[in-house]
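# Observations on the three-dimensional arrangement
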Amino acid sequence: TTSSATSGAMASNEMWIYDTKPTVSLNSSSPSGSANPNSAGEVFKFDVSAANTGFDVSVNTIRFTINVNSTGTIFAKTFSLYKSTDLTTNLGSGTSAGLGGTQNDNTATAGYVVIYPSSAAVVGAGSSATYILKGDTSAMNKNALSGDTLAISIADGDFYWDDGTTVSGNQKVLNLPVTGGTLSY
């Protein structure tokens, strides 16, 4: 007989085990089509669902992608996040910036806004919540000949969450990217 000893160590890739995983989807009543410029207009509506595993999903950070067809219309503007069941409580706000990271970028047609929601942005296990992003679209009527357009989305990797048991900042989300309808001003 032949025997051999092993060290007991095996090579592998790092693995994470999550107690839940959120699903993000576009709400069926997310705004699309004709819109009026507004200092706090609704620009995107989405749903977050938590699996029925006994663990809640806490939303930590969302980076919304912004696309417009007219420069200088939407950057350096305030955006705020609300739950659809409470439109008076602002869960978090951020200032939009062009892709170069400059808030006062008057040449950009693509950019982002990052929102860090408060502790109230929790979705209970086995349930869902609808969130509304409102933004200052008051300058979205500069292009009188063809009209200004705005589209908001959440890209894969731009939704951070935790389940209370693993490291905060998880990016693994079902159903991303989610893209809202185009708003015309």
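All figures in this text were calculated on a predicted structure; none of them were measured in a lab.

### Quick look at the environment of Asn106
- For Asn106, the position within the fold is in the loop between β7 (97-98) and β8 (110-115).
- With near-sequence residues (within four places) excluded, Asn106 lies in contact with Thr71 and Gly72.

### Structural notes on the sheet that holds strand β5 (residues 78-83)
- The five strands lie next to each other as β1-β3-β10-β5-β6, forming an open sheet whose pairing is antiparallel. At either margin of the open sheet sits one strand with a lone partner, and together these are β1 (23-26) and β6 (92-95). Between one strand axis and the next, the sheet turns through 25 degrees on average, direction left out of account.
- Both strand β3 (residues 41-49) and strand β10 (residues 128-135) contribute to a ladder of eight bridges, which runs antiparallel. Residue pairing for β10: Val48 is matched across the bridge by Ala129.

### What about the nonpolar core?
- One finds Phe46, Phe64, Tyr131, Leu150 and Phe159 to be the most contacted residues of the largest nonpolar core, which totals 37 residues.
- If you tally residues by element for this core, the top one is strand β4 (residues 57-68), at six residues.
- Not counting chain neighbours up to four residues away, the residues in contact with Tyr131 comprise Phe44, Lys45, Phe46, Val48, Val59, Leu81, Tyr82, Lys83, Leu91, Ala121, Val122 and Val123.

### Quick notes on the environment of Asp162
- Secondary-structure assignment places Asp162 in strand β11 (residues 149-162).
- With 40 residues separating them along the chain, Asp162 and Val122 place their C-alpha atoms 9.7 Å apart.
- For Asp162, the side chain forms a polar contact with the side chain of Asn60, separated by 3.1 Å.

Cut-off values and rules
Residues numbered from 1 in each chain as written. Predicted model: local features only at pLDDT ≥ 70, side-chain atom pairs only at ≥ 80, totals over all residues. Heavy atoms only, no water. Helix = DSSP H or I, 4+ residues; strand = E, 2+ residues; numbered from the N terminus. Contact = heavy atoms within 4.5 Å. Pairing = 2+ DSSP bridges. Axes fitted to C-alpha atoms, helices over the stretch in contact; angles between N-to-C directions. Core = buried A, V, L, I, M, F, W, Y, C linked by side-chain atoms within 4.5 Å. Buried < 20%, exposed > 50% of the residue type's maximum accessible area, 1.4 Å probe, protein only. Polar contact = N/O pair within 3.5 Å; in protein donor to acceptor, adjacent residues only side chain to side chain.

Purely spatial values, then, with no claim about function.
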